[in-house]
Amino acid sequence: SYNNMRVVEYGDKIAAVAMSFVIAKKTIEELKKIPELFMVFSNLTQTAVGSYYLDSLAVMPEFRGRKFGRLMLQDTIEIARNRNDEKICLLAFDENKLAIGLYEKVGFKRISSLDVPDHPAMPYRGTVSLFSLRHFNNQTIGPSAFTASSTCSSNSTKFSLNKLARCFAFSS
């Protein structure tokens, strides 16, 4: 739902998005409805039921290198911290070296990996890995902790938090 989405807007464009939630245990009936092609993801995430999960984090190509991915990751850590979650998990394709570099720099550890089916619907080939971050109570990777205020600032860039979708709006 939109309550789990966060968006970074830069000017009038969407620069980055993230979605996170708690991993729920799927029933056998629910698992049977997942196409076999995508079962690799459920097979990994179902080993982390109850964990806070960063399902998606994407920065649009023209906005890469501006630390928006780092901002969204910090926001996810902050949400999990405020919820008193014990760990955060995420999946990353092993070919996605840039993302894995960020995750490992923050302290995420690779827990397990599975081969992904070779199929045009898969953005990468090879393997996908489950990463986990524990003990993040003092973890800060970018701007200091976000607050519930409507406007915050970081490195002289101002952004506002939309309470419905946690929208960060930047101006140049």
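Thresholds applied
- Residues numbered from 1 in each chain as written.
- Predicted model: local features only at pLDDT ≥ 70, side-chain atom pairs only at ≥ 80, totals over all residues.
- Heavy atoms only, no water.
- Helix = DSSP H or I, 4+ residues; strand = E, 2+ residues; numbered from the N terminus.
- Buried < 20%, exposed > 50% of the residue type's maximum accessible area, 1.4 Å probe, protein only.
- Contact = heavy atoms within 4.5 Å.
- Areas by Shrake-Rupley, 256 points an atom, 1.4 Å probe, with all protein chains shown as cover.
- Axes fitted to C-alpha atoms, helices over the stretch in contact; angles between N-to-C directions.
- Parallel < 35°, antiparallel > 145°, perpendicular 65-115°, else oblique.
- Left-handed = near helix turned anticlockwise from the far one by under 90°.
- Nonpolar A, V, L, I, M, F, W, Y, C, P; charged D, E, K, R; others polar.
- Phe/Tyr/Trp six-rings, centres within 6.5 Å; stacked < 30°, edge-to-face > 60°.
- Lys NZ or Arg CZ within 6 Å of the ring centre and 35° of its normal.

A.B. asks: Now, about the overall build of the chain: what can you tell me, with residues and values included?
C.D. replies: A tally of regular secondary structure across the chain gives 4 helices and 9 strands. In the chain, the order of α-helices and β-strands from amino to carboxyl end is β-β-α-α-β-α-β-α-β-β-β-β-β. For the chain, with 172 residues in total, the buried portion stands at 42%. Within the chain, residue pairs in contact and separated by at least 24 positions form 65% of the contacts whose partners lie at least 6 positions apart. For the chain, the accessible surface area stands at approximately 9,900 Å², while carbon and sulfur atoms represent 52% of it.

A.B. asks: Quick rundown of the environment of Tyr124? Include the residues and the values.
C.D. replies: Relative to the assigned elements, Tyr124 resides in the loop between strand S5 (109-115) and strand S6 (127-134). The class of Tyr124 is partly exposed, set by a relative accessible area of 25%. Spatially, the C-alpha atom of Tyr124 lies 6.5 Å from that of Glu95, the residues being 29 residues apart in sequence.

A.B. asks: So what about the packing of helix H3 (residues 68-83) against helix H4 (residues 97-106)? Which residues, and what values?
C.D. replies: Interaxial distance between H3 and H4 falls to 11 Å at its minimum, and their mutual angle equals 45 degrees. In terms of orientation, H3 and H4 fall into the oblique class. Regarding H3 and H4, the two cross each other, and that crossing is right-handed. Where H3 abuts H4, its residues Gly69, Arg70, Leu73 and Ile77 lie against Leu102, Tyr103, Lys105 and Val106. Class assignment for the residues of the contact of H3 with H4 results in 5 nonpolar, 1 polar and 2 charged.

A.B. asks: If you had to explain the packing of aromatic side chains to someone new, which residues and values would you point to?
C.D. replies: Taken as a whole and assessed by the stated rule, the structure comprises 8 aromatic pairs. Relative to Phe41, the ring of Phe38 has its centre 6.4 Å away and its plane inclined at 25 degrees; by these criteria the two rings are stacked. Chaining the aromatic ring pairs together yields one cluster made of Phe38, Phe41, Phe93 and Tyr124. The ring of Tyr10 is capped by Arg66, whose NZ or CZ atom sits 4.9 Å from the centre of that ring.

In short, the description is geometric, and any link to function would need to be established separately.
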